[in-house]
Amino acid sequence: PLIRALRDIVPAGVVVVPFGGTGRIGALGSRWRAISGDLEREWARQAARHGTTGCVWDATPLPMRSRSVPAIVTSPAYGNRLADSYLPPTVRRSDATRRSYRIYLGRDLSDGSGASLAFGPKYRDLHERALREFARVLVLGGRVVINMKDHIRGGVHQPVCDWWATAVAAAGFTLTDRHVVALGGDQNTSRDRAAGRPVIEYEELIVGVLA
């Protein structure tokens, strides 16, 4: 559903994915040339299998000239339980009862990785710096699309999408849309749902244009 929505939002052509993970943005199709980067080499190396050019980089700063990028689409870490620091003695990447980035990699995340941060001051600081970089490298009129999701922590709704919308505007973008996409969630969501705990069953595509 996210890819289908993105095809209607992102102009065909070059698209840069600063927090690129494994480069799955390549599913957009042949009308887009996706360049994806991530701090974690294991993830960046997987980009080619999705038809994406994969790089190892830090999104703060991006290795690109000012006013050189037509569009940025990215799915930063959500600041939820995927950032958990727990790493079991025997790593089981297929573990159906617990899911985190550390379990995926089988090691601690790299220094400076947003994927290691729960939603809070350090998370906000890192991503504010990233948004300033997005504003630097985008052409005037260029588009930024942030895929984000709220979560529940300690029974309290964390308004992560609201924060991102405010931060996008503060970085100099004109906020043009907050597109809601219904999704079922992951193993963590399924466990919470089965236990009768509240869950978030949607994600957002937060769209801004550089004025």
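Before any of the text, the structure's been laid out above.
Report on the accompanying structure. Values in this document were obtained by computation on a predicted structure and should not be read as measured data.

### Points about the overall build of the protein
Looking only at helices and strands, the protein features 6 helices and 9 strands. Counting only C-alpha atoms, the protein reaches 45 × 35 × 30 Å along its principal axes. Per-residue burial over the protein gives 47% buried out of 211 residues. Contacts in the protein between residues at least 24 apart in sequence constitute 64% of all its contacts with a sequence separation of at least 6. Only carbon and sulfur atoms are counted for the fraction: they give 51% of the accessible area of the protein, which is about 10,200 Å². With 29 positive and 20 negative side-chain charges, the protein shows a spacing of 4 Å between the two charge centroids.

### Side note on the packing of aromatic side chains
Under the counting rule described, the total for this entry stands at 6 aromatic pairs. Residues Trp-43 and Tyr-101 carry aromatic rings whose centres are separated by 5.7 Å and whose planes lie at 65 degrees to one another, so their mutual orientation is edge-to-face. In this pair, Trp-43 is assigned in helix α2 (residues 41-44) and Tyr-101 in helix α3 (residues 101-105), connecting sequence segments 58 residues apart. Here the two residues Trp-43 and Tyr-101 agree in accessibility, since each one is buried. An angle of 70 degrees between the planes, with centres 6.3 Å apart, marks the rings of Phe-119 and Trp-163 as edge-to-face. Linking Phe-119 in the loop between α3 and α4 (121-137) with Trp-163 in helix α5 (residues 160-170), this pair joins segments that are 44 residues apart in sequence. We note that Phe-119, like Trp-163, is buried. Counting every residue linked through ring pairs, the aromatic cluster contains Phe-119, Tyr-123, Trp-163 and Trp-164. Looking at Arg-124, its charged tip hangs above the ring of Phe-119, at a distance of 5.1 Å from the centre.

### Considerations on the pairing of strand β5 (residues 138-148)
When strand β4 (residues 69-74) meets β5, the two strands line up parallel, connected through 5 bridges. By the bridge assignment for β5, Thr-74 is matched with Ile-146. Pairing of β5 with strand β9 (residues 202-210), which is carried by 6 bridges, proceeds in the antiparallel orientation. Bridging from a neighbouring strand, Ile-146 pairs with Ile-206 of β9.

### Digging into the environment of Ser-75
Tracing the chain through its elements places Ser-75 in the loop between β4 and α3. Along the chain, Ser-75 and Gly-172 lie 97 residues apart, while their C-alpha atoms are 19 Å from each other. Ignoring sequence-local partners within four residues, the contact set of Ser-75 consists of Phe-19 and Asn-147. Here Asn-147 takes part through its side chain, which lies 3.0 Å from a polar atom of the side chain of Ser-75.

### Here we look at the nonpolar core
If you look at the biggest cluster of nonpolar residues, it comprises 33 residues, and the most contacted ones within it are Phe-134, Ile-146, Met-148 and Trp-164. When residues of this core are traced back to their parent elements, those giving at least two are β4, α4, β5, α5 and β9. Apart from the residues lying within four places of it in its own chain, the contact partners of Phe-134 are Pro-18, Phe-19, Leu-62, Ile-72, Thr-74, Val-144, Ile-146 and Phe-173. Counting residues in hydrophobic clusters, the runner-up holds 17 residues, among them Leu-2, Leu-6, Val-73 and Val-207.

### A short note on α4
If you check α4, its first and last C-alpha atoms are 25 Å apart, about what 17 residues at 1.5 Å a residue would give, namely 24 Å. Of the residues making up α4, those classed as buried are Tyr-123, Leu-126, His-127, Ala-130, Leu-131, Glu-133, Phe-134, Ala-135 and Val-137. The secondary structure elements touched by the buried residues of α4 are β4, β5, α5, β8 (173-182) and β9.

### Remarks on the side chain of Asp-38
Along the chain, Asp-38 turns up in strand β2 (residues 32-38). Arg-107 is the oppositely charged side chain nearest to the buried, salt-bridge-free Asp-38, at an N-O distance of 7.5 Å. From its side chain, Asp-38 meets the backbone nitrogen of Gly-21 in a polar contact 2.9 Å long. Discounting chain neighbours no more than four positions away, the residues touching Asp-38 are Pro-18, Phe-19, Gly-20, Gly-21, Trp-43, Ala-44, Cys-55, Val-56 and Trp-57.

The rules behind the values
- Residues numbered from 1 in each chain as written.
- Predicted model: local features only at pLDDT ≥ 70, side-chain atom pairs only at ≥ 80, totals over all residues.
- Heavy atoms only, no water.
- Helix = DSSP H or I, 4+ residues; strand = E, 2+ residues; numbered from the N terminus.
- Buried < 20%, exposed > 50% of the residue type's maximum accessible area, 1.4 Å probe, protein only.
- Contact = heavy atoms within 4.5 Å.
- Areas by Shrake-Rupley, 256 points an atom, 1.4 Å probe, with all protein chains shown as cover.
- Lys, Arg positive; Asp, Glu negative; His and termini not counted.
- Charge placed at Lys NZ, Arg CZ, Asp CG, Glu CD.
- Phe/Tyr/Trp six-rings, centres within 6.5 Å; stacked < 30°, edge-to-face > 60°.
- Lys NZ or Arg CZ within 6 Å of the ring centre and 35° of its normal.
- Pairing = 2+ DSSP bridges.
- Polar contact = N/O pair within 3.5 Å; in protein donor to acceptor, adjacent residues only side chain to side chain.
- Core = buried A, V, L, I, M, F, W, Y, C linked by side-chain atoms within 4.5 Å.
- Expected span 1.5 Å × (residues − 1).
- Salt bridge = Lys/Arg side-chain N within 4 Å of Asp/Glu carboxyl O.

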